[in-house]
Amino acid sequence: MELQPIYIQILALVIFTIGLIVALSRRNIFFVLMGIELALNAVNLSFVGFAKTLPADMSVAGQIFPLFLIAVAAAEACVGLALVILIFRNRESVDSDNYSNMKG
Amino acid sequence: MLALIYFVVLAAIAVVAALGVLFSKHPLYGGLSLVLTMLSLAGIYGLIGSPFIGVVQIMVYAGAIMMLLVFVISVLNAAKDSKTPMFDGVSIFVVIAALALAGLVGFALVLSPMGFDVTTLRGSVEMTSKNLFDTSKTGPGYFVLFEVLGLLLLSSMGAAVLMAKKRLSSEVSEEDHKEDK
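Small disclaimer: the values here were computed from a predicted structure and weren't measured.

### Remarks on the overall build of chain A
Now for step 1: For chain A, the count of helices and strands is three helices and zero strands.
Now for step 2: Traced from its N-terminal end to its C-terminal end, chain A shows the element sequence α-α-α.
Now for step 3: Here the C-alpha coordinates of chain A stretch approximately 55 × 25 × 20 Å along the principal axes.
Now for step 4: Across chain A, contacts joining residues at least 24 apart in sequence account for 49% of those joining residues at least 6 apart.

See the structure below:
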């Protein structure tokens, strides 16, 4: 028994699924943001795991790209939390069901 | 064999902490579980030979992003509706759909042959910096992406400051600015 790349992909899939469920089913707006972060983490892990299955000159891209993804996630968290603060000032609520203006 | 043991331990910690995010009531506990997930994923990066990404993950993700998230959760903690139920009736369909998606993708993953390549490059600082800042004309050109990323971070910082600050012409009531420093 050695470490196989499929184990890494299965772990990334499990974490991505949990992140998707958190982002789509929780009502608290902070959990929605945390679910997105969890899914982005799983995508990073999948990139690195696939990069390790490639020969030398092709394995660079999969190990550079997570750095860009981490920076994009930082920008996303920054703007998303500013949006949460803005909405919280208007609605006094962190429940995403209270944010809808329209009926239905 | 030893690598597999390390991987199983770290993966178990990561999955349990991710489930902790899903089932925790208060967002602060969810944020701390998320930090634990990110730390164990950083350990897995170091295990499979990309230590630089692991260090960046600890510094940027677990250090900066989650600190920001936990800070905002603590600032907005006075929300009166922290007692609302965690899930609602639609959630069960979401769970079923996400599990079906995971089953399909997992089926495709298990069928595909994969193996570690022995000539793969270790994601060290030298490899990362050599490829990231290769400004030669025949290089991969990641430095352009790097500049674009600087602009993206700058603009998102400006957008966040503009959105979250007090309104300049604010005669609106004072109590909705109490969370400002």
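Here the narrative resumes, following the displayed structure.
### Looking at the environment of Val118(B)
Now for step 1: Within the element layout of this structure, Val118(B) appears in the loop between helix H4 (91-111) and helix H5 (125-132).
Now for step 2: Note: C-alpha distance between Val118(B) and Gly31(B) (87 residues apart in sequence) is 37 Å.

### Overview of the nonpolar core
Now for step 1: By size, the foremost hydrophobic cluster in this structure holds 63 residues, and its most contacted members are Ile15(A) and Leu38(A).
Now for step 2: When residues of this core are traced back to their parent elements, those giving at least two are helix H1 (5-25), helix H2 (29-51) and helix H3 (61-91) of chain A together with helix H1 (2-23), helix H2 (27-47), helix H3 (51-75) and helix H6 (142-164) of chain B.
Now for step 3: Excluding anything up to four places from it in sequence, Leu38(A) contacts Ile15(A), Ile18(A), Gly19(A), Val22(A), Ala18(B), Val21(B), Leu34(B) and Thr37(B).

### With respect to the confidence of the model for chain B
Residues and elements named next belong to chain B.
Now for step 1: Confidence in the prediction for chain B averages 85 pLDDT; 87% of positions are at 70 or higher.
Now for step 2: Put simply, H5 is where chain B has its lowest mean pLDDT, 87, and H1 is where it has its highest, 94.
Now for step 3: Confidence metrics for the complex model read pTM 0.88 and ipTM 0.90.

### Some details on the packing of H2(A) against H2(B)
Now for step 1: At their nearest, the axes of H2(A) and H2(B) sit 11 Å apart, and the two run at 5° to each other. Taken as axis vectors, H2(A) and H2(B) run roughly parallel relative to one another. Counted together, Phe30(A), Phe31(A), Met34(A), Glu37(A), Leu38(A), Asn41(A), Leu45(A) and Val48(A) of H2(A) and Pro27(B), Gly30(B), Gly31(B), Leu34(B), Thr37(B), Met38(B), Leu41(B), Ile44(B) and Tyr45(B) of H2(B) form the full contact between these two elements.

### Observations regarding the domain arrangement of chain B
Now for step 1: Taken domain by domain, chain B holds domain 1 (1-77) and domain 2 (133-164).
Now for step 2: Each of domain 1 of chain B and domain 2 of chain B has a C-alpha centre, and these two points are 25 Å apart.

### Comments concerning the interface of chain B and chain A
Now for step 1: Listed per partner, the contact involves 75 residues of chain B and 64 residues of chain A.
Now for step 2: Of all the secondary-structure elements, those providing two or more residues to the side of chain B that touches chain A are H1, H2, H3, H4, H5 and H6 of chain B.
Now for step 3: In terms of residue class, the side of chain B that touches chain A is made up of 55 nonpolar, 16 polar and four charged.

### Description of the packing of H2(B) against H3(B)
All names here are of chain B.
Now for step 1: In the contact formed by H2 and H3, the axes pass within 8 Å of each other and the chain directions differ by 175°. Here H3 runs roughly antiparallel to H2, going by the angle between their axes. Between H2, through Pro27, Leu28, Gly31, Leu34, Val35, Met38, Leu39, Leu41, Ala42, Gly43, Tyr45 and Gly46, and H3, the contact on the second element is made entirely by Pro51, Ile53, Gly54, Gln57, Ile58, Tyr61, Ala62, Met66, Leu69, Val70, Ile73 and Ser74.
Now for step 2: Partitioning the contact of H2 with H3 into residue classes produces 18 nonpolar, six polar and no charged.

### Comments concerning the environment of Phe116(B)
Now for step 1: Relative to the elements of secondary structure, Phe116(B) occurs in the loop between H4 and H5.
Now for step 2: Judged by local crowding, Phe116(B) falls into the partly exposed class, with 16 C-beta atoms found within 10 Å.
Now for step 3: Measuring from C-alpha to C-alpha, the distance between Phe116(B) and Leu101(B) comes to 26 Å, with 15 residues separating the pair along the chain.
Now for step 4: Filtering out sequence-adjacent residues up to four positions away, Phe116(B) remains in contact with Pro5(A), Lys52(A) and Thr53(A).

What counts and how
Each chain carries its own residue numbering, running from 1 in the written order of its sequence. Chains and ligands are labelled sequentially in the order written, the chains with letters from A and the ligands with numbers from 1. Where local features are concerned, this predicted model is filtered to residues with pLDDT of at least 70; where side-chain atom pairs are given and counted, the filter is 80 or more; whole-chain, interface and lining totals use all residues. A helix here means a DSSP run of H or I that spans at least four residues, while a strand means a run of E at least two residues long, and both kinds are numbered starting from the N terminus. Once C-beta atoms have been placed from the backbone, residue pairs whose C-beta atoms lie within 7 Å are recorded as contacts. Residues of type Ala, Val, Leu, Ile, Met, Phe, Trp, Tyr and Cys that are buried and joined through C-beta atoms within 7 Å form what is called a nonpolar core. Counting other C-beta atoms within 10 Å of a residue's own tells you its class, since 20 or more makes it buried, 12 or fewer makes it exposed, and anything in between is partly exposed; those C-beta atoms are placed from the backbone. A residue's pLDDT is simply how confident the predictor is in it, with values from 0 to 100. For helices, the axis comes from a line fit to the C-alpha atoms of the stretch in contact; other axes are also lines fit to C-alpha atoms, and the angle between any two N-to-C directions lies between 0 and 180 degrees. For classification purposes, angles smaller than 35 degrees are called roughly parallel, those larger than 145 roughly antiparallel, those between 65 and 115 roughly perpendicular, and all remaining angles oblique. These domain limits were set by an automatic method or by a database of domain assignments. Residues are grouped as follows: Ala, Val, Leu, Ile, Met, Phe, Trp, Tyr, Cys and Pro are nonpolar; Asp, Glu, Lys and Arg are charged; every other residue, Gly included, is polar.

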